Structures are given as C-alpha cells and as structure tokens.
Amino acid sequence: MPSDHTQQLLQQAHAGDPAALEALVRDHLDWITAHVRARLGDKLRRKEQTADLVQSTMREFLQYGPRFELENAAHLRALLAAIAENVVRGRHEWFTRKRRDMH
C-alpha cells in the first residue's frame with residue numbers, strides 16, 4: 001500500500017487540485033484493477049474489459065467520493081472495493097437480464 005498521505009490528497013482533490021486527484025488514482029489504480037479482475041467471473045470477463053469496469057468504478061468514486069470523509073488508504077480502498085462490487089454486479093445483472101430476454 002502506498003504511504004498513507006491519502007487523507008491529505010483527498011482533501012486537496014476535493015478542493016479541486018488535479019495533481020492530488022492524479023496522485024490518488026496513480027496510488028490505487030493497480031490495486032483496484034487487480035481487485036476488479038479477481039471479482040470477474042469467466043462469463044463476464046468474456047463480455048467486459050477489466051479497464052472499462054475500473055473506469056466505471058473510478059467515475060462512481062469521483063462522482064460520490066467527496067461525500068465521504070476517509071481517514072487513510074485502507075478506507076479509500078474499502079470504498080473503491082464496494083463501488084467495484086456494485087459495478088461488477090450491475091454489469092453481471094445487465095447481461096443476465098439481456099440473455100433472459102433474448103430467449
């Protein structure tokens with residue numbers, strides 16, 4: 001895990017500092033990518049790119065993240081993991097419904 005300057009970077013990012021936001025993404029991108037890749041099942045992996053799901057996760061974080069007061073990198077990663085779970089689950093459900101509707 002990166003050195004824990006996460007709270008400071010989050011505060012700076014929330015204040016509009018693009019360099020702080022870039023640092024947050026850089027610090028956690030490999031971790032969230034590995035997390036999403038590990039959560040994909042074979043069927044969803046054939047239909048979705050890991051990078052697209054990571055991008056959706058990060059977009060959700062950027063949209064809703066500032067509402068959360070996070071203390072450190074562990075809390076940030078827990079939030080990113082929860083968002084990723086919702087993104088992966090949502091895509092799985094979308095493909096499942098689509099397959100069911102096609103029959």
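Everything here concerns the structure above.
Presented here is an overview of the structure given in this document. (Residues numbered from 1 in each chain as written. Predicted model: local features only at pLDDT ≥ 70, side-chain atom pairs only at ≥ 80, totals over all residues. Heavy atoms only, no water.)

Regarding the overall build of the chain
In step 1: Tallying secondary structure elements over the chain gives five helices and zero strands in all.
In step 2: Going from N to C terminus, the chain has its helices and strands arranged as α-α-α-α-α.
In step 3: In the chain, which comprises 103 residues, the share counted as buried stands at 33%.
In step 4: Partitioning the intrachain contacts of the chain with sequence separation of at least 6 by distance along the chain shows that 65% fall at a separation of at least 24.
In step 5: Accessible surface, the chain as shown: approximately 6,800 Å² in total, 49% of it carbon and sulfur. (Helix = DSSP H or I, 4+ residues; strand = E, 2+ residues; numbered from the N terminus. Buried < 20%, exposed > 50% of the residue type's maximum accessible area, 1.4 Å probe, protein only. Contact = heavy atoms within 4.5 Å. Areas by Shrake-Rupley, 256 points an atom, 1.4 Å probe, with all protein chains shown as cover.)

Things to note about the nonpolar core
In step 1: If you look at the biggest cluster of nonpolar residues, it comprises 23 residues, and the most contacted ones within it are I32, V36 and F61.
In step 2: Listed by contribution, the elements that provide at least two residues to this core are α1 (6–14), α2 (18–39), α4 (50–64) and α5 (73–102).
In step 3: Tallying contributions element by element places α5 first for this core, with eight residues.
In step 4: The residues touching I32, leaving out its near neighbours within four places in the chain, are V54, T57, M58, L80, A81 and A84. (Core = buried A, V, L, I, M, F, W, Y, C linked by side-chain atoms within 4.5 Å.)

Some points on the pattern of salt bridges
As a working rule, side chains carrying opposite charge can pair if their charged atoms are close by.
In step 1: For the structure shown, the criterion picks out four salt bridges.
In step 2: For R26, the salt bridge is made with E22, and the minimal N-O distance between the two is 3.8 Å. Pair noted here: R26 and E22 are both in helix α2, with a separation of four residues, about one helical turn. In this structure, R26 and E22 share a single accessibility class: exposed.
In step 3: Note that E85 is salt-bridged to R39, the shortest N-O span being 2.6 Å. In this pair, E85 is assigned in helix α5 and R39 in helix α2, connecting sequence segments 46 residues apart. (Salt bridge = Lys/Arg side-chain N within 4 Å of Asp/Glu carboxyl O.)

Remarks on the side chain of T57
In step 1: For T57, the location among the structural elements is in helix α4.
In step 2: Each residue touching T57, except ones within four places of it in the same chain, is listed here: I32, V36, L80, I83, A84 and V87.

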